[in-house]
Amino acid sequence: MTISYYAAWGESQVRNLNVESKTRVRDPARKHGFVSELRTELQRAGIRSPYLLVWYETDELLSLATALGGELLCIPRHVREALEDKTQLLSLLEAADVPSDLRIDSMNVAGVAALPPFRVLEQRFGLPFVVQTNSSGGRGTVFIGQPKDLQQTAAFRGSLRLSRYVAGFSSNTTVLTVPRSTTDCAVYVDAPSHKAMGVSAVGIHGAKGAGNDWSIPFPRKSVECFVDAVERIGKYAYRTFGLTGLWGVDSIWTSSGVVINELNVRNQGTTEVSAVNQQLRGLPPFLAAHAVSLLGGIVDWLPEDAEHNAETIRLVSTSGQLAPFYLKIRNTFGRPVRPLPTFKGSGLYRFSADVCLDWSGPAVRTIDANFLERNILVANAARPDIRCESGAELGTLEGLTTSDFAIFSASGGLSPLGTDIADAYYKWFSPVER
C-alpha cells in the first residue's frame, strides 16, 4: 500500500490512499501534513505490523507506525540529525580528510541574536554571503547582499551557519553505503546532476531546486576529486555514525573545481529519477539496496564499489551520454487553476513542433520517455477535477536526454528547450472562474 498527498496513477493506483482524491484540491500549505489527514483511514484499513518505507523519521510518522504496530524503515533520526547539521559540516569534512579545496569557508553562531554586524561579515566572506539554519528544500537558506537582507533571518531558530557564497551551479548526487563488516563498507557514488535553482518561470524561487539534469558532462579531474571526497565521507560516516543506505551530497561546481555544501541523510527529491542512472547501467535502483540494508539483509547484486565509481567517472566526464532529467512545474498564474477537461493526466506525451504536449499513452516510468524521440513523461499531474491553488505543483516533466538537448542551461536556469517544454505544459491549464 502507498500513502501520498497526490493521487497515484497507472499500476501505483492499486491500494493507494491519498488526500487530493478526497479534497479535490492541491494546496502547497497542506502538502507536508498529509499523513495526519489519512491516519484514520489507515487504521481502518486493517494493516498490521507494517514496515513504513519513508524519507526520514518524524514524530508524526513514528506515532502512526506505533499505532499500527509497525516500524519505520529509514536511517535512524540521530544519525541523520548529526550528519545533516549544517553547523557541523566543515568539522565533518575535516574529520573525513576531505581536501581543503572542496570545503567552503564558514563560521557558526548560536542564533540570530548572535549575528555579527553586517560589515564584519562582509569583510570575512565578501558579498553576497550565505546564512543557513537546519532545514530542507532550501527553506532555511538566504543570500545576504545588503544589511536589510538580514531581516530574512528573523524567523530562524537555533544555530546558524555563515559561509562564503560560491558562484557556480548546484548539483545533487545520490550515494549508497553498504556494510562489508563492522568496520568497513562499500560506498557507491551515482552521477552528479546539474541542478536548476530558483527558476521563477516555473514558480520555483530562492534557494529551492526546480529539477535536475544528469546529461551535461563534467570535467574529469573535478569528477575524480569529487568522487574521492564522497567516498571518504561515506567511510567516515559509517565508522563514526553507522550510516548505511541512501544519502546524498549537494555540491557547487565552478570553472576551477567543486565544493561540498550540504549532506542529505535521507531519500531526496532526486532519488526516484536518479535511479534511472542505475537502470541504464543494468542495475536495480539503489532504493532496493537501501531497503534491504535497513532490514538487515545482504546486498550481493552490486559490482565492487571501486569498479562502479570508476564507471561513474567515465560516464559523467563523457559527452553525449543518455541520462535522465526532471523539471518541476508550479502554478504561476497568480490564482487557482485546473487542467483543461481534455487533459489526460500523468502519462506519456509527445513534444510537437508547435510547442505542445500531445497525449501518446499510459506510462509510469521515467526511462520510458526518450526525448530524442520527442517523448516526455508527465508525472504527478493533477486531474481535471482538481483545483490547484497558487504555487501548487502542477506536475513533473521527466525523461531521458543528452547534453545536445539539455533541459537546463550551463548557468543553472532553463535552456531555451526547457522553456519551450514548460510553456507547452502550461497550455493544459486555465484559471478557475470565480
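If you're wondering where the values come from, they're calculated on a predicted model, not measured in any experiment.

The rules behind these values
Residues numbered from 1 in each chain as written. Predicted model: local features only at pLDDT ≥ 70, side-chain atom pairs only at ≥ 80, totals over all residues. Heavy atoms only, no water. Helix = DSSP H or I, 4+ residues; strand = E, 2+ residues; numbered from the N terminus. Rg over C-alpha atoms; globule rule 2.2 N^0.38 Å. Buried < 20%, exposed > 50% of the residue type's maximum accessible area, 1.4 Å probe, protein only. Contact = heavy atoms within 4.5 Å. Lys, Arg positive; Asp, Glu negative; His and termini not counted. Charge placed at Lys NZ, Arg CZ, Asp CG, Glu CD. Axes fitted to C-alpha atoms, helices over the stretch in contact; angles between N-to-C directions. Parallel < 35°, antiparallel > 145°, perpendicular 65-115°, else oblique. Nonpolar A, V, L, I, M, F, W, Y, C, P; charged D, E, K, R; others polar. Left-handed = near helix turned anticlockwise from the far one by under 90°. Core = buried A, V, L, I, M, F, W, Y, C linked by side-chain atoms within 4.5 Å. Arc of directions from axis to C-beta. Pairing = 2+ DSSP bridges.

> Explanation requested: the overall build of the protein chain in the structure shown.
Within the protein chain, the regular secondary structure consists of 11 helices and 23 strands. In terms of overall size, the protein chain behaves like a compact globule, its C-alpha atoms giving a radius of gyration of 22 Å where 434 residues would be expected to give roughly 22 Å. Seen through its C-alpha atoms, the protein chain measures out along the principal axes to roughly 55 × 50 × 45 Å. Counting across all 434 residues of the protein chain, residues that qualify as buried make up 52%. Taking the intrachain contacts of the protein chain between residues at least 6 apart in sequence as the baseline, contacts between residues at least 24 apart amount to 67%. Averaging the locations of the 43 positively and 44 negatively charged side chains of the protein chain gives two centres separated by 6 Å.

> Would you mind going over the packing of helix α2 (residues 34–44) against helix α3 (residues 59–67) with me for this structure?
Geometrically, a packed helix pair is captured by the angle between its two axes and the distance between the axes. Closest axis-to-axis distance for the α2/α3 pair is 11 Å, and the angle between their directions is 5°. For the element pair α2 / α3, the angle class is roughly parallel. Note on element contacts: α3 touches α2 through Glu 60, Leu 61, Ser 63, Leu 64 and Ala 67, opposite Val 35, Ser 36, Arg 39, Leu 42 and Gln 43. Within the contact of α2 with α3, the residues separate by chemical class into five nonpolar, three polar and two charged.

> When you look at the packing of helix α7 (residues 220–241) against helix α10 (residues 305–316) in this model, what are you seeing that I'm missing?
In the contact formed by α7 and α10, the axes pass within 9 Å of each other and the chain directions differ by 150°. Comparing the axis directions of α7 and α10 gives the class roughly antiparallel. Between α7 and α10 lies a crossing of right-handed hand. Between α7 and α10, the contacting residues are Arg 220, Val 223, Glu 224, Val 227, Glu 231 and Lys 235 on the first element and Asp 305, Asn 309, Ile 313, Arg 314 and Val 316 on the second. Counted by class, the contact of α7 with α10 contains four nonpolar, one polar and six charged residues.

> Even after reading the chapter, I still don't get the nonpolar core, so can you show me in this structure?
The biggest cluster of nonpolar side chains holds 39 residues, and the ones touching the most others in it are Ile 233, Leu 243, Trp 247, Val 249 and Ile 260. Element by element, the count of residues in this core is highest for α7, at nine residues. Of all hydrophobic cores here, the second largest spans 34 residues; its members include Ile 204, Leu 327, Ala 381 and Ala 392.

> Just to check I follow, could you spell out α2 for this structure?
Note on helix geometry: an α-helix contains 3.6 residues per turn, so any two residues three or four positions apart are oriented the same way. Those residues of α2 that sit buried are Phe 34, Val 35, Leu 38 and Leu 42. Viewed along the axis of α2, the buried residues span an arc of 75°, placing them on a single side of the element. Packing partners of the buried residues in α2 comprise β1 (2–4), β2 (16–18), α1 (20–23) and α3.

> Would you take a moment to explain the environment of Arg 220 for this structure?
Relative to the assigned elements, Arg 220 resides in helix α7. For the pair formed by Arg 220 and Ser 317, sequence separation is 97 residues and the distance between their alpha carbons is 5.0 Å. For Arg 220, the contacting residues outside a window of four places in its chain are Ile 313, Arg 314 and Ser 317.

> Is there a simple way to think about the sheet that holds strand β6 (residues 106–109) in this case?
Hydrogen bonding along the main chain pairs the strands of a sheet, whether they run parallel or antiparallel. Reading across from one edge, β6-β9-β7-β8 is the order of the four strands in this open sheet, with antiparallel pairing throughout. Each edge of the sheet is formed by a strand with only one pairing partner; in this case those strands are β6 and β8 (141–144). Going across the sheet, the axis of each strand differs from the next one's by a mean of 25°, ignoring polarity. Here β6 pairs with strand β9 (residues 160–164) via four bridges, running antiparallel. The residue bridging Ser 106 from the neighbouring strand is Ser 163, located in β9. Those strands touched by helix α6 (residues 118–125) are β6, β7 (129–132), β8 and β9, and its axis lies near 155° from that of β6.

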